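# Observations on the model geometry
Given next are the chains, with one letter for each unit.
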Amino acid sequence: MDIKFRRLKGTRDLMLEEIERWHWCEERWNEVLSRYGYGEIRTPVIEPAGLFLRSVGDGTDIVDKEMYSFESRGGEQLCLRPEMTASVVRAYLENGLTRQPGTVKFYYMAPMFRHDRPQAGRYRQFHQVGVEAIGSASPVLDAEVIQTAMALFDAVDARGLTVLVNSIGCPECKPGYVADLREFLEANMERIPPAFQERIAVNPLRLFDAKDDEVQNLLTEFKPITEALCPACRTHHAVVLGCLGDLGILFREEPGLVRGLDYYGRTTFEITAETGRKQSSLAGGGRYDGLIGQCGGPDTPAVGFSAGIERTLLHLADEVIDPQRSRQTQVDVYVACLDEPSQRFGLAACDLLRGFCRVEIDTTLRSMKAQAKTANLRRARILLTVGETERETGTLQLKNLDTGEQIPVERQRLLAAVREVLEG
RNA sequence: GUGGCUGUAGCUCAGUUGGCAGAGCCCCUGGUUGUGGUCCAGGUGGUCGUGGGUUCGAAUCCCAUCAGCCACCCCA
């Protein structure tokens, strides 16, 4: 077949058995997140491009080469959101929540867009489940956010995960460390592959992300950031780690974990899967105390994370979906009709049943055999048949597909008869 | 943006040294005047990803291009 239109690169169609898995996860996550005190937020998929240029930061890959940006008819610079934190902060300010008492806690399960080259567990339109907790500077909240992330994975039976934690300091101590690091790197420029060199000027911390062995070796010669923290950050970090211990969450301190977004400060963390797959990072997050002020709001501390839904599902997917199998939507009752007047009669009968169960009417005018076969494929438990005789006598043939028994049923008794079979 | 692998029926895939494009599953019809899950018989369905080239002749060889997957970069 010469199909005229195809999916855009890096996008997917979710349906059939796969969408069932999504529903299964979403139900559990809604439940877990409400138990941690989060309420759902849904924000527009399109935003002013400037929102992310400012928050995520130019100089990051997300902004420099992965944003879906375009100009609106009115000449505004817009984009499809590459991440959710900035949008939640925008919504928080725009809807006047700054004077809310306590901590404002939002969660989301929503599509994001990044113009990356797709690969396993990475798509251009992908989905994240995540939270933002706004209004508390407490390290205890950092720990709870990490715990929330783990609870999400636990709720869908994701196992074999590792929590990596780090602190990257605050405006007091981070700039000094970054300056020292830049000086050190510039003094050792010849040991750094060209691909990474330009990063030094923009954000030397991002050298820690490099998987290159030479770069990593070089960095072991420099002091880890945790040793350069100011006293306040040091205490904060210690409390976070202490809480994780109290909660029985196993973690690994990872001084090289700096994250790719500019707005993070103090706590950063990542949750990775120990699989053979390279896309092992399932979730990432951290504290962003400066972002709300930077967006024009009052100085407000906040912390959050987001997890990749496709990646999480990929990690769970040990059972491979057989493309030949289960392409059918299930129903309880299937209505076979032998001619067009019978279809009209059958349609009215469906109406009587839909308040109670799942019903599908066959309008294809195929052979009786073919219609019955489809009823079976739909896993229907009842087959109703309407032909000329039934139509004239105001009845339907009701066949119990488990037992094979078939009896004529008057229209008025149909609902009762169907109930009896399905409930019995 | 860079590299590797793969593109043949709706799906999963065979296709020999270049010689009539195949199988299984699915689907449709019949065996059973209007009855499924099992059988049996028959049938529909293909610009061999696309465009060029070599050749008497290309799914097969060459070039280009597109798409998918995987990896790098980076990230969820």
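First, a word on what this report is: a plain description of the structure on this page. (Residues numbered from 1 in each chain as written. Chains lettered and ligands numbered in written order. Predicted model: local features only at pLDDT ≥ 70, side-chain atom pairs only at ≥ 80, totals over all residues. Heavy atoms only, no water.)

## Some points on the overall build of chain A
Each helix and strand counted, chain A has 15 helices and 16 strands in total. In terms of overall size, chain A is more extended than a compact globule, its C-alpha atoms giving a radius of gyration of 28 Å where 424 residues would be expected to give roughly 22 Å. Summarising its shape, the C-alpha atoms of chain A cover approximately 95 × 50 × 50 Å along the three principal directions. Counting every position in chain A, which comprises 424 residues, the buried fraction comes to 49%. A separation threshold of at least 6 residues defines the contact pool for chain A, and within that pool the share at least 24 residues apart is 68%. As presented, chain A carries roughly 22,000 Å² of accessible surface, and 49% of it is formed by carbon and sulfur atoms. In chain A, 52 side chains carry a positive charge and 62 a negative one; their mean positions are 4 Å apart. (Helix = DSSP H or I, 4+ residues; strand = E, 2+ residues; numbered from the N terminus. Rg over C-alpha atoms; globule rule 2.2 N^0.38 Å. Buried < 20%, exposed > 50% of the residue type's maximum accessible area, 1.4 Å probe, protein only. Contact = heavy atoms within 4.5 Å. Areas by Shrake-Rupley, 256 points an atom, 1.4 Å probe, with all protein chains shown as cover. Lys, Arg positive; Asp, Glu negative; His and termini not counted. Charge placed at Lys NZ, Arg CZ, Asp CG, Glu CD.)

## Concerning the protein's contact with RNA strand B
Taken together, the neighbourhood of RNA strand B is formed by 55 residues, with Arg-114, Arg-122, Arg-199, Thr-389 and Leu-401 sitting nearest. Ranked by residues supplied to the surface near RNA strand B, first place goes to helix H13 (residues 368-377) with seven residues. Residues belonging to the surface near RNA strand B are distributed by class as follows: 16 nonpolar, 17 polar and 22 charged. (Near = heavy atom within 4 Å. Nonpolar A, V, L, I, M, F, W, Y, C, P; charged D, E, K, R; others polar.)

## Side note on the nonpolar core
Counting 49 residues, the largest nonpolar core has Ile-134, Leu-181, Leu-185, Ile-192, Leu-205, Leu-207 and Tyr-288 as the members making the most contacts within it. Taken domain by domain, the makeup of this core includes at least three residues from each of domain 1 (16-169 + 231-315) and domain 2 (174-228). Setting aside anything within four residues of it in sequence, one finds Leu-207 in contact with Leu-185, Ile-192, Phe-196, Arg-199, Ile-200, Val-215, Gln-216 and Leu-219. Trp-29, Leu-33, Ala-143 and Cys-243 belong to the second largest nonpolar core, which has 40 residues in total. (Core = buried A, V, L, I, M, F, W, Y, C linked by side-chain atoms within 4.5 Å. Domains from an automatic or database assignment.)

## Points about the pairing of strand S15 (residues 395-400)
Burial analysis of S15 places five of its six residues in the buried class, which makes it a mostly covered element. Strand direction decides the pairing type here: strand S14 (residues 382-386) and S15, joined by four bridges, are antiparallel. Considered in S15, the bridge of Leu-384 is made with Leu-398. With five bridges joining them, S15 and strand S16 (residues 406-410) adopt antiparallel strand pairing. By the bridge assignment for S16, Gln-397 is matched with Pro-408. Between the antiparallel neighbours S15 and S16 lie five residues, among them Gly-404 with a positive phi of about 90 degrees. (Pairing = 2+ DSSP bridges.)

## Focus on the pairing of strand S9 (residues 267-273)
Counting buried positions along S9 gives seven out of seven residues, so the element sits mostly inside the fold. Burial along S9 is two-sided: Thr-267, Phe-269, Ile-271 and Ala-273 facing one way and Thr-268, Glu-270 and Thr-272 facing the other are all buried. Bridging between S9 and strand S10 (residues 281-287) involves five bridges; their strand directions are antiparallel. Its bridge partner lying in S10, Ile-271 is registered against Ala-283.

## Remarks on the packing of aromatic side chains
Centre-to-centre distance and the angle between the planes together describe a pair of aromatic rings. Counting across every chain of the model gives five aromatic pairs. Ring geometry for Phe-269 versus Phe-305: centroids 6.4 Å apart, planes at 55 degrees, classification tilted. Residue Phe-269 is found in strand S9, and its partner Phe-305 is found in strand S11 (residues 302-308); the two are separated by 36 residues along the sequence. Taken together, Tyr-177, Phe-184 and Phe-222 form an aromatic cluster joined through their ring pairs. The lysine or arginine in question, Lys-105, covers the ring of Tyr-38, its NZ or CZ lying 4.6 Å from the ring centre. The ring of Phe-345 carries Arg-411 above its face, with NZ or CZ at 6.0 Å from the centroid. (Phe/Tyr/Trp six-rings, centres within 6.5 Å; stacked < 30°, edge-to-face > 60°. Lys NZ or Arg CZ within 6 Å of the ring centre and 35° of its normal.)

## Describing the packing of helix H2 (residues 49-57) against helix H4 (residues 85-94)
Put simply, H2 and H4 touch, their axes get as near as 9 Å, and they point 110 degrees apart. It follows from the interaxial angle that H2 and H4 lie roughly perpendicular. Our pair here, H2 against H4, has a crossing hand that is right-handed. On H4, the residues touching Leu-51, Phe-52 and Ser-55 of H2 are Ala-86, Ser-87 and Arg-90. Partitioning the contact of H2 with H4 into residue classes produces three nonpolar, two polar and one charged. (Axes fitted to C-alpha atoms, helices over the stretch in contact; angles between N-to-C directions. Parallel < 35°, antiparallel > 145°, perpendicular 65-115°, else oblique. Left-handed = near helix turned anticlockwise from the far one by under 90°.)

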